[in-house]
Amino acid sequence: PGGGGRVAVYYDALSFPTDHIDVRAGQHSSYRAGDGTLFLKNATQEKGDLVIDGYGFSGAKDTAYIDALDNEFDNVIVKNGAVLNIEKPLRVRGKLSLLAGSVLTHRAEYEDGIEIFANDFEIDPTSLIDVSGRGYRAGAGVCDGITLGGQFWAKSRSGGSYGGKGSIYDGP
């Protein structure tokens with residue numbers, strides 16, 4: 001299935017609800033493509049609002065990526081099971097909202113981590129910022145694992161790492 005669309009609306013006055021703009025991703029019975037993005041900018045706003053809506057689809061999914069030079073918005077809303085992947089600092093002048101089972105993350109093996117600067121932050125009980133399992137791969141069999149800087153280090157039976165060299169597990 002195809003990924004969601006990218007729509008930008010610049011306006012002085014909006015006479016219809018923004019949920020009438022559909023940027024949903026394609027969905028197969030067991031897989032869903034990356035969420036689309038909706039950018040809304042009223043003439044009175046300096047940076048505009050970013051909305052990423054997962055539309056409540058279930059199943060394995062890809063992520064929506066923000067990898068622009070200027071990751072600054074007035075408000076950011078990630079909702080309805082959307083997954084947002086950021087790789088540059090995200091600056092939100094107003095509110096960053098993660099709602100209804102949504103996730104903010106970064107790609108695997110991304111060393112810089114997540115930087116968020118927001119005036120107001122809302123994460124509902126079903127949503128989260130999650131970088132679990134996004135580190136370097138662990139050593140397994142004859143393959144070395146990888147550690148900070150993409151260096152091969154962690155040997156078989158050991159963990160990958162971000163902050164230092166992985167170590168060998170000597171247990172059973």
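Just so you know, these numbers come straight off a predicted model, no measurement behind them.

(A) Broad picture of the packing of aromatic side chains. Overall, the coordinates contain two aromatic pairs when judged by the stated rule. Taken together, Tyr10, Phe39 and Phe73 form an aromatic cluster joined through their ring pairs.

(B) Quick peek at a nonpolar patch on the surface. Among the surface-exposed residues, Phe121, Ile123 and Ile129 lie close enough to one another that they form a single nonpolar patch of about 240 Å² accessible area. If you trace the backbone, Ile129 turns up in strand β13 (residues 128–129). Owing to a relative accessible area of 38%, Ile129 belongs among the partly exposed residues under this scheme.

(C) Looking closely at the nonpolar core. With 14 residues, the main nonpolar core has Phe73, Val76, Val78, Leu84, Leu90, Leu96 and Leu104 as its most contacted residues. Elements that contribute at least two residues to this core include exactly β4 (49–53), β8 (75–79), β9 (83–86) and β10 (90–98). For this core, the leading source of residues is β10, giving four residues. Residue contacts for Leu104: discarding those within four places in its chain leaves Leu84, Ile86, Leu96, Leu98, Ile114, Ile116, Leu128, Ile129 and Asp130.

(D) Layout of unusual backbone geometry. At Asn80, a position not held by glycine, the phi torsion is positive, near 60°. Under the relative-accessibility criterion, Asn80 is labelled partly exposed at 30%. Backbone geometry places Ala100, a non-glycine residue, at a positive phi of 55°. Considering the arrangement of structural elements, one finds Ala100 in the loop between β10 and β11 (103–105). For Ala100, a relative accessible area of 37% corresponds to the partly exposed category.

(E) Inspection of the environment of Gly36 at higher detail. Here Gly36 lies in the loop between β2 (31–32) and β3 (37–42). For the pair formed by Gly36 and Ala82, sequence separation is 46 residues and the distance between their alpha carbons is 9.2 Å.

Analysis parameters
- Residues numbered from 1 in each chain as written.
- Predicted model: local features only at pLDDT ≥ 70, side-chain atom pairs only at ≥ 80, totals over all residues.
- Heavy atoms only, no water.
- Phe/Tyr/Trp six-rings, centres within 6.5 Å; stacked < 30°, edge-to-face > 60°.
- Patch = residues over 30% accessible without salt bridge, like charges linked within 9 Å, V, L, I, M, F, W, Y side chains within 5 Å.
- Areas by Shrake-Rupley, 256 points an atom, 1.4 Å probe, with all protein chains shown as cover.
- Salt bridge = Lys/Arg side-chain N within 4 Å of Asp/Glu carboxyl O.
- Helix = DSSP H or I, 4+ residues; strand = E, 2+ residues; numbered from the N terminus.
- Buried < 20%, exposed > 50% of the residue type's maximum accessible area, 1.4 Å probe, protein only.
- Core = buried A, V, L, I, M, F, W, Y, C linked by side-chain atoms within 4.5 Å.
- Contact = heavy atoms within 4.5 Å.

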